[in-house]
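Listed below, chain by chain, are the residues.
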Amino acid sequence: MIKQDKLNPYFVIIILGLFIYFPILKNDFLDFWDDQWVVMNHYTEGGLNYSNLWKTLTEFYHGQYAPMNELLYILLFEIFGYNSVIFHFTSIIIHILNSILIYELIKKILLLSDIVNTELPQQISFLTAVLFIIHPLNVESVAWMSASKVLVYAFFYLLSSLFFLEYIIRGSIIAYIISIILFIFSFLGKEQAVTFPIWLLLLYWLINNKRVNLNIFFKICPFIFLSIIFGFVTMLSQSAAGQGVLTDEATYPLVNRFIFGCFAFVEYIIKAILPYKLSYLYPFPNKIGEQVPLWIVIYPIMITISVVTLHKYLTKRIIAFSLLLFLIHIGITLHIVPLSRYIIIADRYIYISLIGILLIISYIIMNLLSITENKRKRQIITTIIICYIFVLGNISNSRTKVWENTSTLKKELRFILSKKQSYEKIINSS
C-alpha cells in the first residue's frame with residue numbers, strides 16, 4: 001500500500017476531488033430537473049436582506065425546508081449571479097471538505113475507541129476518506145446542484161460530530177454548545193440530520209466500550225429534543241405541499257414498505273461495494289394498489305440468512321459500529337415511514353451512510369495488510385485496492401458528464417423509462 005506517512009492526506013483528498021469532478025465545471029443548471037425552482041427562485045434572487053432571510057427561514061417552499069442551503073444560493077447569486085461554474089465549483093469544495101472531515105472524524109473515533117491496532121487508525125481513516133471522495137454514489141450529490149443540500153447538511157453534521165467528540169474528550173462546554181449550534185445548521189441544510197442524537201449514542205457506545213448510562217443520555221437530551229422538533233417541522237413542510245404522513249396522500253401498505261425497505265437496504269450495500277447500474281431514477285417495482293412482485297420478497301430472506309450466517313463477524317465492534325452507522329443514517333429513507341418520493345432508492349440518500357460501508361472495506365484491507373507477512377501477497381492486495389480505487393474514480397469521472405445538461409440526463413433516463421412505461425410522463429413533462 002502507498003505509505004500514507006509520505007503523503008499529506010489533505011493534499012491527496014483535494015487532488016482526487018478536483019480531478020474526479022473537474023468535468024462538472026462546464027455543466028449547466030438542469031432545467032426540468034428541479035434546478036429551475038430549487039436553485040433559481042425568488043429567495044435566491046431576493047438578496048441578503050432581513051426580509052428575504054426571514055422568509056427563507058420561516059416559509060416552506062414546494063414541500064422543502066432547507067434555509068441553510070438556500071442561504072448558500074443567495075450568497076453565490078449575490079456575488080456571481082447565476083454562474084453555473086461558480087455554483088458547481090462550490091459543490092466540489094464542500095464535498096472535498098466533507099471528505100477531509102471524514103478523515104479526521106474516523107481517525108479520532110478509532111483512536112478514542114481503541115478497537116484497532118495503534119498503527120491502523122490513520123491508515124484506515126485515510127483510505128475511507130479516499131474511497132469517499134471518489135465514490136460514484138456521491139456523484140449525484142455533487143454534480144446535481146439541486147442536491148447540494150446533502151453536501152451542506154453533511155458538512156455541519158460531520159463538524160458537529162467532531163466538536164461533540166471534543167466535548168467527550170475534554171469536557172469543554174464551549175465545544176458542546178458549538179456542537180448543538182452546528183446540529184441546528186445541519187438540519188437547516190436537510191431534514192436527514194434528525195438522526196444526529198442516535199448517532200451520538202452510537203459514538204458513546206463505541207468509545208465507552210458498550211456502556212451508555214443515564215448520565216450520557218441526559219447529555220444528549222438537548223439533541224433529542226431538537227430532533228423531535230425538527231421531525232415535526234419536516235412533516236409540516238411536506239404537508240404544506242399536500243404530501244407526507246400528515247396528509248391523506250396514498251401510500252403503500254406497511255408490509256409492502258417493509259419489503260421495499262429490505263430491498264433498498266441490500267441494494268445500497270451492494271452498490272456501495274460494487275457501484276453498478278447507477279441512475280437518477282430507481283422506480284418502485286409496482287404502483288400503489290398493485291401486488292408486490294414475487295422476486296422482491298427474496299430480500300428480507302437474504303437479510304435474515306446473512307445475519308444468521310455472519311453473526312460471528314457482525315458482532316465484532318468495528319464491524320457492528322460501521323453497520324449501525326450505515327443503518328442509522330439510511331434507515332429514515334427506507335420507506336418504513338412513508339416518504340413523498342416516487343423512487344425506491346436514490347444515490348444522494350446514502351451520502352453519510354456510505355461512510356459505514358467504506359469503513360468496513362478500509363478496515364478489512366488495512367487489517368489484512370498488517371497481518372500479511374508475505375511480501376508477494378502484500379503486493380497483490382495493494383494492487384487490488386489500487387485497481388479498485390482507479391475503477392471507482394473512473395466511473396465517477398464518467399458519471400459527472402451524465403449531469404452535463406438536461407439532454408444528457410434525459411438520454412440516460414430514456415433507456416430506463418423505456419422499461420417502465422408508467423414513468424413515461426416524467427420525460428414527456430420535461
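Residues numbered from 1 in each chain as written. Predicted model: local features only at pLDDT ≥ 70, side-chain atom pairs only at ≥ 80, totals over all residues. Heavy atoms only, no water.

### Things to note about the overall build of the protein chain
In step 1: Tallying secondary structure elements over the protein chain gives 19 helices and zero strands in all.
In step 2: Viewed in the frame of its principal axes, the protein chain has a C-alpha envelope of about 60 × 50 × 45 Å.
In step 3: Every one of the 430 residues in the protein chain was classed for burial, and the buried ones make up 54%.
In step 4: In the protein chain, of all internal contacts separated by at least 6 residues, the share reaching a separation of at least 24 is 78%.
In step 5: Of the accessible surface of the protein chain, which amounts to about 19700 Å², a share of 66% is contributed by carbon and sulfur atoms.
In step 6: Taking the 33 positively charged and 24 negatively charged side chains of the protein chain as two groups, their mean positions are separated by 11 Å. (Helix = DSSP H or I, 4+ residues; strand = E, 2+ residues; numbered from the N terminus. Buried < 20%, exposed > 50% of the residue type's maximum accessible area, 1.4 Å probe, protein only. Contact = heavy atoms within 4.5 Å. Areas by Shrake-Rupley, 256 points an atom, 1.4 Å probe, with all protein chains shown as cover. Lys, Arg positive; Asp, Glu negative; His and termini not counted. Charge placed at Lys NZ, Arg CZ, Asp CG, Glu CD.)

### Concerning the layout of surface pockets
In step 1: Estimated volume of the second largest pocket: approximately 940 Å³.
In step 2: Around the second largest pocket, the lining is made up of 31 residues, and of these I269, L310, L314, L323 and I360 lie nearest the centre.
In step 3: Of all the secondary-structure elements, those providing two or more residues to the lining of the second largest pocket are α12 (254-273), α13 (298-309), α14 (311-314), α15 (317-330) and α16 (354-371).
In step 4: When residues of the lining of the second largest pocket are assigned to their parent elements, the largest contribution, eight residues, is made by α12.
In step 5: When grouped by side-chain class, the residues that make up the lining of the second largest pocket number 27 nonpolar, two polar and two charged. (1 Å grid on protein atoms, 1.4 Å probe; cavity = no way out; pocket = protein on both sides within 12 Å on 5 of 7 lines; lining within 4 Å. Points joined across faces, edges and corners; volume = space filled by probe spheres on them. Nonpolar A, V, L, I, M, F, W, Y, C, P; charged D, E, K, R; others polar.)

### Some words on the packing of aromatic side chains
In step 1: Here the structure, examined in full by the defined rule, presents 42 aromatic pairs.
In step 2: Where W144 meets W403, the ring centres are 5.7 Å apart and the plane angle is 25 degrees; that geometry is what we call stacked. With a gap of 259 residues between them, W144 in the loop between α7 (139-143) and α8 (148-170) and W403 in the loop between α17 (375-399) and α18 (406-417) connect regions that are remote in the sequence. Here W144 matches W403 in class, with each residue buried.
In step 3: Ring geometry for Y176 and F223: centres 5.8 Å apart, planes at 90 degrees, overall edge-to-face. Here Y176 is found in helix α9 (residues 173-189), whereas its partner F223 is found in helix α11 (residues 214-239), with 47 residues between them in sequence.
In step 4: Look at Y176 and you get buried, because its relative accessible area is 13%.
In step 5: Lying across the ring of Y276, K271 places its NZ or CZ 4.1 Å from the centre. (Phe/Tyr/Trp six-rings, centres within 6.5 Å; stacked < 30°, edge-to-face > 60°. Lys NZ or Arg CZ within 6 Å of the ring centre and 35° of its normal.)

### Observations concerning helix α1 (residues 9-21)
For the α-helix, the turn length of 3.6 residues means that residues three or four positions removed from each other point alike.
In step 1: Between its first and last C-alpha atoms α1 spans 18 Å; for 13 residues at 1.5 Å apiece the expected length is 18 Å, and the two agree.
In step 2: Listed as buried for α1 are P9, V12, I13, G17, I20 and Y21. Looking straight down α1, one finds that the buried residues subtend no more than 130 degrees of arc, so they occupy a single side. Across α1 from its buried face, at more than 90 degrees, point the exposed residues F11 and F19.
In step 3: Taken together, the buried residues of α1 touch α5 (84-113), α6 (121-134), α7 and α17.
In step 4: Of the residues that open α1, the one with a side-chain oxygen 2.9 Å from the backbone nitrogen of Y10 is N8. (Expected span 1.5 Å × (residues − 1). Arc of directions from axis to C-beta. Polar contact = N/O pair within 3.5 Å; in protein donor to acceptor, adjacent residues only side chain to side chain.)

### Some remarks on unusual backbone geometry
In step 1: The backbone of K277 shows a phi angle near 45 degrees, a positive value even though the residue is not glycine.
In step 2: Checked against the element boundaries, K277 lands in the loop between α12 and α13.
In step 3: Its identity as a non-glycine residue notwithstanding, H335 has a phi of 75 degrees, on the positive side.
In step 4: With respect to the secondary-structure elements, H335 resides in the loop between α15 and α16.

### Digging into the packing of helix α4 (residues 67-80) against α9
In step 1: The geometry of α4 relative to α9 is characterised by a closest axis approach of 5 Å and an angle of 75 degrees between their N-to-C directions. Classified by the angle between their axes, α4 and α9 sit roughly perpendicular to one another. Contacts between α4 and α9 involve P67, M68 and N69 from the former and F185, L188 and G189 from the latter. (Axes fitted to C-alpha atoms, helices over the stretch in contact; angles between N-to-C directions. Parallel < 35°, antiparallel > 145°, perpendicular 65-115°, else oblique.)

### Structural notes on the pattern of salt bridges
In step 1: On inspection of all chains with the given rule, the structure shows five salt bridges.
In step 2: Residue K107 pairs with E104 through a salt bridge whose shortest N-O separation is 3.5 Å. Of this pair, K107 and E104 both sit in helix α5, three residues apart, roughly one helical turn.
In step 3: Given a relative accessible area of 21%, E104 falls into the partly exposed group.
In step 4: Close ionic contact of E166 with K108 constitutes a salt bridge, the shortest N to O distance being 3.7 Å. With E166 in helix α8 and K108 in helix α5, the pair connects residues that are 58 residues apart, well separated along the chain. (Salt bridge = Lys/Arg side-chain N within 4 Å of Asp/Glu carboxyl O.)

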